Amino acid sequence: MFKQLSIAMAGLLTAASAIAAGPVVAPASPMKWQENKNYFLVEPPQPTASGSKVEVVEIFSYACVHCAHFQPIADKIKKDLPSYAQYSYMPAIFNPQWEPFARAFYTAQSLGVLDKTHQALFDAIHTEKKPLGDIDSLAAWYADHGVDRAKFTSASTSFEVESKIARSLSMVPKYGIDGTPSIIIDGKFRLSRSSAGNDEELMELVSYLVDKAHREKALK
């Protein structure tokens, strides 16, 4: 009888504890970032150019005002990437008018002046409204920023630049890109600025996908 009384008392104490603690907590909600909603798979996945590092590629154009507005966010994403990730750019060429800007990007990259001219060119086009729609006017603009004009013009048709232009024309469709700016993570995940509610959440989403890609690399 004493044993039965002890069991009954234990049951009452358990019930009382449950009431005091409140209702049972519901299971955790689904993961915040969802495939086919916040990001999409690149199918098939594309090769990367970052070696063992997770590749983060921004598909952009100097002609795109949305890319100009996105640049401060791109700078933050690049700054906050972990050591196992690498940020780079790939200019899109959706039409003939965008081709000179892609050529200018790769020329500046080959001449080692990209870091000091990247933001400045966005400003020149979208803030200062300078008419920079062809390679000659762009060469003149780079000359104003300390680049030898003849050297720039020559480099703009070099084998290196032509090869990178060809790669961009090939890769952007394979990524499934139809607008800029877009971000491709490790050749397998695609997202855009509208993938999250605001810029802070977008940076959180990029961080999540970079970590996901890193973990998937480790499993190979």
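Residues numbered from 1 in each chain as written. Predicted model: local features only at pLDDT ≥ 70, side-chain atom pairs only at ≥ 80, totals over all residues. Heavy atoms only, no water.

J.: Looking at this model, I keep getting lost on the nonpolar core. Mind explaining?
T.: Proteins that are soluble and globular tend to have nonpolar side chains buried together. Among the nonpolar cores identified, the biggest contains 63 residues, and Ile59, Tyr62, Ile77, Ile185 and Leu191 are the most heavily contacted of them. In terms of residues, this core owes the most to one element, helix α8 (residues 199–219), which gives 8 residues. In contact with Tyr62, not counting residues within four places along its chain, are Phe101, Phe105, Leu114, His118, Leu121, Phe122, Ile125 and His126. (Core = buried A, V, L, I, M, F, W, Y, C linked by side-chain atoms within 4.5 Å. Buried < 20%, exposed > 50% of the residue type's maximum accessible area, 1.4 Å probe, protein only. Helix = DSSP H or I, 4+ residues; strand = E, 2+ residues; numbered from the N terminus. Contact = heavy atoms within 4.5 Å.)

J.: How should I be thinking about the side chain of Thr117 in this particular structure?
T.: For Thr117, the position within the fold is in helix α4 (residues 114–126). Of the polar contacts made by the side chain of Thr117, one reaches the backbone oxygen of Val113; its length is 2.9 Å. Thr117 has contacts with Ala108, Trp141 and Tyr142, leaving out every residue within four places of it along the chain. (Polar contact = N/O pair within 3.5 Å; in protein donor to acceptor, adjacent residues only side chain to side chain.)

J.: Please clarify how unusual backbone geometry should be interpreted in this entry.
T.: Glu43 connects to Pro44 through a cis peptide bond whose omega is -5°. Here Pro44 lies in the loop between β1 (40–41) and β2 (54–60). In this model, Thr180 is joined to Pro181 through a cis peptide bond whose omega is -5°. Along the chain, Pro181 turns up in the loop between α7 (159–175) and β4 (182–185). Positioned with a positive phi, Asn36 is a non-glycine residue whose angle comes to about 70°. Along the chain, the position of Asn36 falls in the loop between α1 (2–21) and β1.

J.: What exactly am I supposed to notice about α4 here?
T.: Two residues of an α-helix separated by three or four positions point the same way, owing to the 3.6 residues in each turn. Spanning 13 residues, α4 covers 18 Å between terminal C-alpha atoms, matching the ideal 18 Å at 1.5 Å per step. For α4, every residue scored as buried is listed here: Leu114, Thr117, His118, Leu121, Phe122, Ala124, Ile125 and His126. Where α4 is buried, its residues meet β2, α2 (65–80), β3 (85–91), α3 (99–110) and α5 (135–144). (Expected span 1.5 Å × (residues − 1).)

J.: Would you mind showing me how to read the packing of aromatic side chains here?
T.: Given two aromatic rings, one states the distance between the centres and the angle between the planes to describe the pair. Summed over all chains, the structure comprises 14 aromatic pairs. Ring geometry for Tyr87 and Tyr89: centres 5.4 Å apart, planes at 75°, overall edge-to-face. As far as burial versus exposure is concerned, Tyr87 and Tyr89 are alike and both buried. A ring pair is formed by Trp141 and Tyr142, whose centres lie 4.9 Å apart and whose planes are at 90°; its orientation type is edge-to-face. (Phe/Tyr/Trp six-rings, centres within 6.5 Å; stacked < 30°, edge-to-face > 60°.)

J.: Can you walk me through α7 in this structure?
T.: Its 17 residues place the ends of α7 24 Å apart at the C-alpha level, agreeing with the 24 Å of an ideal helix rising 1.5 Å per residue. Val161, Ile165, Ser168, Met171, Val172 and Tyr175 are the residues of α7 that are buried. Buried residues in α7, looked at end-on, bunch into an arc of 145°, giving them a common side. Structural note: α7 exposes Phe159 and Pro173 on the side pointing more than 90 degrees away from its buried face. On its buried face, α7 sits against β2, β3, α3, α6 (149–155), β4 and β5 (189–192). Gly176 lies just past α7 and shows a positive phi near 80°. (Arc of directions from axis to C-beta.)

J.: Explanation requested: the side chain of Asn38 in the structure shown.
T.: Note that Asn38 resides in the loop between α1 and β1. Among the polar contacts made by the side chain of Asn38, one reaches the main-chain carbonyl oxygen of Ser195 at a distance of 3.1 Å. Not counting chain neighbours up to four residues away, the residues in contact with Asn38 comprise Lys32, Trp33, Leu191, Ser195 and Leu205.

J.: Explain the state of the cysteines to me, please; I cannot follow it from the model alone.
T.: On inspection of all chains with the given rule, the structure shows 0 disulfides. Of the cysteine sulfurs around Cys64, a residue in no disulfide, the closest is that of Cys67, at 3.0 Å. For Cys64, a relative accessible area of 5% corresponds to the buried category. (Disulfide = S-S within 2.5 Å.)

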